[in-house]
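Chain by chain, the residues:
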Amino acid sequence: MNGMANQAREHREVSELIPWYVNARIGDADRQRVDAHLRDCAECRGELQLQRQLLGAMTADPGIEYMPTASLKRLQARLDGLDPASGAAPAAVPDAARQDAADRPAQRSIRWRRSMAASIALVAAASGILTAGLWTRYQAHSRPLDYFTVTAPTAHAPQEVIRAVFAPATTLIELQSILDEAHLRIVSGPTEAGVYSLAANSSLSVSASLSLLRAHGAVRFAEATGPAAAAAPDPPQ
Amino acid sequence: MNPLKEQDSTLLAAVAAGDRRALEQLYLGYHRRLARFLSRFTSRYENVEEIINDTFMVVWQHAKDFRHASQVSTWIIGIAYRTALKSLRQQKNGSFAPGAEALAEASTDPTRETETQDWVMQGLRQLPLEQRFTLELAYHLGHSLEEIAAITDSPVGTVKARMFHAREKLRRSLPQLGGGGGP
């Protein structure tokens, strides 16, 4: 009777360990224990196979890459808005405050959503200012921006004809598709503002490429650069 | 200590001293992992970004509270876990529910591998959040039992129980997975 109870307990305890046997994050002693039990237990061998299938399905490459630059920029803006006393020199707080802090984002959620459109517009506007106004500063090598940049601002990239900003959720595959359609390729970027420098990939006119770019919802901002742009600017859309 | 863990500790110490560049480096180091993980719970990138950025606001404000008894990665993912739980509960009737788009994809994809992934994703969506997080932390992020206990701030026994119930529910909702045909 005792033997059966022990067997049942061993079966239950080993079954509980199977997920970490499958993801290879189990200690040596527990692994050997699972190995020994699997030799005699068909039910656990079946469970092992099932869990391996599950792990395979849950670790498959989603084929999506997110670009962190624009998201980081929004975090930087939030940090800039912090009270200097609590932001620049974070004070020690009780442990429980961590849970409170995790509560705060939920309260901010609605406010965040309301301001999402405004944020996107702000990013586009900021990018616009950078591309339309600060370009001259980049070119003139005037004073650097007074915040950390992931990629240092540079002068015009060779062959650059357009600068553009894409929505933060744009995947690399989508980005490539948009550029292919507009006959463009990336020559540099993104800058800290998420601005890409684009060059022509065919004899298609810059204004035609620009129109194709602007037709995409994922393109937050696009503007021609260089002498051609100054001579014949495209009307904003 | 392996080089990555050492780098994380160095960066977090700098964050605790008010170094914004260190926070940004930490952010860039964790963004891909967290974005992929969180996008399994919500299809909207703005939600993913919100959770990640809220997480790093907490990291910035509470870096000094970090106790070196745990790993930096466990601490950061623990903050992301709590932030995500709150956020996902708020939008329970939003993108977290299986969308028509996902169901349509599930029914039309020609490859068996992708079909299985879609069925699994639908099964996962039926689980209570804590159970689903336990499974995702183990299988998607590859965490050990003890690490998941630390991340979720739960006893090891609770983690085992959540995992057990998640497996049971999935087994019932995914008979095609348990029906053999595997290697």
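The residue count restarts for each chain, going from 1 along the sequence in the order it is written. By the order in which they are written, chains take letters starting at A while ligands take numbers starting at 1. At least 70 in pLDDT is required for a residue's local features to be given in this predicted model, at least 80 for side-chain atom pairs to be given and counted, and no such filter applies to totals for whole chains, interfaces and linings, which use all residues. Think of the side-chain values as coming from all heavy atoms in the structure, minus any hydrogens and water.

(A) Geometry of empty space enclosed by the protein. All names here are of chain A. Using a 1 Å grid laid over the protein atoms alone, points where a 1.4 Å probe fits but cannot get out form a cavity; open sets with protein on both sides within 12 Å along at least 5 of 7 lines form a pocket; any residue with an atom within 4 Å of a point counts as lining. Grid points are joined across faces, edges and corners, and a volume is the space filled by probe spheres set on the points. According to the stated counting rule, one finds three cavities of 30 Å³ or more in the structure shown. Here the largest cavity is characterised by a volume of approximately 90 Å³. Around the largest cavity sit Met-67, Thr-69, Ala-70, Phe-166, Ala-167, Pro-168, Pro-190, Gly-194 and Tyr-196, which together line it. Residue classes follow a fixed rule: Ala, Val, Leu, Ile, Met, Phe, Trp, Tyr, Cys and Pro count as nonpolar, while Asp, Glu, Lys and Arg count as charged, and any other residue, Gly among them, counts as polar. Its residues placed into classes, the lining of the largest cavity shows seven nonpolar, two polar and no charged.

(B) Geometry of the pairing of strand E3 (residues 195-200) of chain A. Residues and elements named next belong to chain A. Working definition: with a 1.4 Å probe on protein chains only, accessible area under 20% of the residue-type maximum means buried, over 50% means exposed, and in between means partly exposed. Secondary structure elements follow DSSP: runs of H or I of four or more residues count as helices, runs of E of two or more count as strands, with numbering from the N terminus. Among the six residues in E3, five count as buried, and that is most of the element. Note: two strands are recorded as paired if DSSP finds a minimum of 2 bridges between them. Direction of pairing for strand E1 (residues 160-166) relative to E3: antiparallel, over a ladder of five bridges. The partner of Arg-163 across the bridge, within E3, is Ser-197. Pairing geometry for strand E2 (residues 184-188) and E3, over four bridges, is antiparallel. Within E3, the position partnered with Leu-184 by the bridge is Ala-200.

(C) The arrangement of the pattern of salt bridges in detail. For this document, the term salt bridge refers to a Lys or Arg side-chain nitrogen within 4 Å of an Asp or Glu carboxyl oxygen. For the structure shown, the criterion picks out 18 salt bridges over all chains. Between Arg-171 of chain B and Glu-47 of chain A there is a salt bridge, with the nearest N and O atoms lying 2.2 Å from each other. Of this pair, Arg-171 of chain B sits in helix H9 (residues 156-173) while Glu-47 of chain A sits in helix H3 (residues 42-58), each in a different chain. Its relative accessible area of 30% is what places Arg-171 of chain B among the partly exposed residues. Within this structure, Arg-9, Glu-10, Glu-13 and Arg-33 of chain A form a network of salt bridges that share partners.

(D) Up close: the sheet that holds E2 of chain A. Residues and elements named next belong to chain A. Across the sheet, which stays open at both edges, the four strands sit in the order E2-E3-E1-E4 with antiparallel pairing between neighbours. Edge positions in the open sheet fall to E2 and strand E4 (219-224), since each of these has one partner strand only. Taking the axes of each pair of neighbouring strands and ignoring which way they run, one obtains an average angle of 35° across the sheet. In this analysis, axes come from line fits to C-alpha atoms, helices being fitted only over the stretch in contact, and the angle between any two N-to-C directions falls in the range 0 to 180 degrees.

(E) Up close: the nonpolar core. One finds Leu-12, Leu-26, Phe-56, Val-59, Phe-133 and Leu-135 of chain B to be the most contacted residues of the largest nonpolar core, which totals 76 residues. If one sorts the elements of this core by residue count, helix H4 (residues 72-90) of chain B sits on top with ten residues. When checking whether two residues touch, look at their non-hydrogen atoms; a contact exists if any pair is within 4.5 Å. Among residues more than four places away in sequence, those in contact with Phe-56 of chain B are Leu-75 of chain A together with Leu-23, Leu-26, Tyr-27, Tyr-30, Leu-34 and Ile-76 of chain B. For our purposes a nonpolar core is just a set of buried Ala, Val, Leu, Ile, Met, Phe, Trp, Tyr and Cys residues, chained together by side-chain atoms within 4.5 Å. Counting residues in hydrophobic clusters, the runner-up holds 17 residues, among them Met-67, Leu-175, Leu-210 and Ala-224 of chain A.

(F) Fine view of the environment of Asp-54 of chain B. When you line up the elements, Asp-54 of chain B lands in helix H3 (residues 45-62). Once the C-alpha coordinates of Asp-54 of chain B and Ala-80 of chain B are considered, the two residues, 26 residues apart in sequence, prove to be 8.1 Å apart.

(G) Spotlight on the packing of aromatic side chains. Between the rings of Phe, Tyr and Trp (Trp by its six-membered ring), a pair exists once the centres lie within 6.5 Å; its type follows the angle of the planes, with under 30 degrees stacked, over 60 edge-to-face, and the other angles tilted. Under the definition given, this model contains eight aromatic pairs over all chains. Relative to Tyr-45 of chain B, the ring of Tyr-66 of chain A lies with its centre 4.9 Å away and its plane at 20°, an arrangement referred to as stacked. Pair noted here: Tyr-66 of chain A is in the loop between H3 and helix H4 (68-80) and Tyr-45 of chain B is in helix H3, and the two residues belong to different chains. Exposure remark for Tyr-45 of chain B: the relative accessible area of 4% places this residue in the buried category. Both rings, one in Phe-166 of chain A and one in Tyr-196 of chain A, keep their centres 5.5 Å apart while their planes meet at 70°; by these two values the pair is edge-to-face. Taken together, the residues Phe-166 of chain A in strand E1 and Tyr-196 of chain A in strand E3 connect sequence positions 30 residues apart. Linked through ring pairs, Phe-37, Phe-41, Tyr-81 and Phe-133 of chain B together constitute an aromatic cluster. Its guanidinium or amino end placed over the ring of Phe-41 of chain B, Arg-132 of chain B lies 4.5 Å from that ring's centre, counting from NZ or CZ. Two conditions define a charge sitting above a ring: the NZ of Lys or the CZ of Arg must be within 6 Å of the ring centre, and it must be within 35 degrees of the ring normal.

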